[in-house]
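An overview of the molecular structure
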Amino acid sequence: MPFPLAIRLAAPALVLSASGLFTAASPAQAASPQTFHGDYTISYLGLPVARASFQSRYDGDDYSIDGSVTSAGLARIFDDTKGTLRAVGQFSGDSPAPSSFRADYVSAKKPSLVDIRFANGTVASTQVKPAPKKRGSDWIGLDAAHLRRAVDPIAATLVRADSPDKVCGRTVKMYDGELRADLRLSFASNGATSVKGYKGPTVTCRMNFQPVAGYRKGKKALDYLKNRSRIMVTFAPVGETGVYAPIYATVGTQIGTITVSAHRFEAAR
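Now for a description of the structure that goes with this document. (Residues numbered from 1 in each chain as written. Predicted model: local features only at pLDDT ≥ 70, side-chain atom pairs only at ≥ 80, totals over all residues. Heavy atoms only, no water.)

**Some details on the overall build of the protein**
The line we're drawing: Helix and strand definitions follow DSSP, with helices as H or I runs of at least four residues and strands as E runs of at least two, each counted in order from the N terminus. Only protein chains enter the calculation, and the probe is 1.4 Å; a residue is then buried if its accessible area is under 20% of its type maximum, exposed if over 50%, and partly exposed in between. Contacts are assigned to residue pairs that have any heavy atoms within 4.5 Å of one another. Every accessible area reported is derived by Shrake-Rupley at a probe size of 1.4 Å, with residue values counting cover from the shown protein chains alone.
The secondary structure content of the protein amounts to five helices and 16 strands. Expressed as a percentage of its 269 residues, the buried residues of the protein come to 52%. Counting contacts in the protein only where the partners sit at least 6 residues apart, residues at least 24 apart contribute 55% of the total. Surface summary for the protein: the accessible area is close to 12,700 Å², and the carbon and sulfur share equals 50%.

Shown next as structure tokens:
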């Protein structure tokens, strides 16, 4: 699975599930910095195609997150992809306010990067390499209004809530350097799970994926995600921090179901 596809078309699964590690505590809950680790497997039709590992550090409202993603299994035969992610920002109330996001990756031996900077609650600059090709008349372009209150793919995964019943009732304005999409979460069910570092209750949200701008009109993959895909994200509470983070997710695509599952979800010791 190419890294760009994982970031964009599988964003509801790969990007959101990565946030199982992107957990934070409010200043009242954590007087000293805290570090979290987590490992995930991304599967397609039951076969592993990628793995992701993250380390995140929180100091009061400030956060910094470093991660790596690599192709795995049969996917390495067709597209040996490796990438790193870094996100920095802080919380403003219950919402993340990112300051920077960077993704560096190599796919099919070709290096690429996405670098997004934020200021005053909006996207200040975006750098993409290689530069995007010239857009046609079917391209739905971005404007300044689309980028206000938008957050990067990692910040989009950060959820603070007073209780489980408040986790799902929200819309996230995600921007990945090209695509702006609304991720609308609605309650589906309560449950429980057990992985290394966590055993306890969960809440599952159904996600509605709505592309807003920065994409080609009529693109079948996005139309499928918008109109036909069943996207489910399961969140678990992170200690007593008041944060709920995805621990499992599935997203239906044109080519089949992508599953992201944590096999490690714990605080550093």
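That shown, we press on.
**Digging into unusual backbone geometry**
Excluding glycine, residues mostly carry a negative phi; peptide bonds, for their part, are mostly trans. That bond from lysine 129 to proline 130 is cis: its omega, -5 degrees, falls within 30 degrees of zero. Its location among the elements puts proline 130 in the loop between strand E7 (122–129) and strand E8 (139–140). You will see that leucine 45, though not glycine, has its phi angle at about 55 degrees, which is positive. Checked against the element boundaries, leucine 45 lands in the loop between strand E1 (34–44) and strand E2 (47–59). Overall, the relative accessible area of 58% leaves leucine 45 in the exposed class. One non-glycine residue, arginine 149, lies in the positive phi region at around 65 degrees. Structurally, the position occupied by arginine 149 is in the loop between helix H4 (144–147) and strand E9 (159–160). On the accessibility criterion, arginine 149 (60% relative accessible area) is exposed.

**Considering helix H5 (residues 220–227)**
The test is simple: Directions pointing from the helix axis toward each C-beta atom define the arc.
Every buried residue of H5 is accounted for by Ala221, Leu222, Tyr224 and Leu225. One side of H5 carries all its buried residues, which in axial view fall inside an arc of 155 degrees. Facing away from the buried side of H5 by over 90 degrees, the exposed positions are Lys220 and Asn227. Those residues of H5 that are buried are in contact with strand E12 (198–213), strand E13 (215–216), strand E14 (231–237) and strand E15 (243–253).

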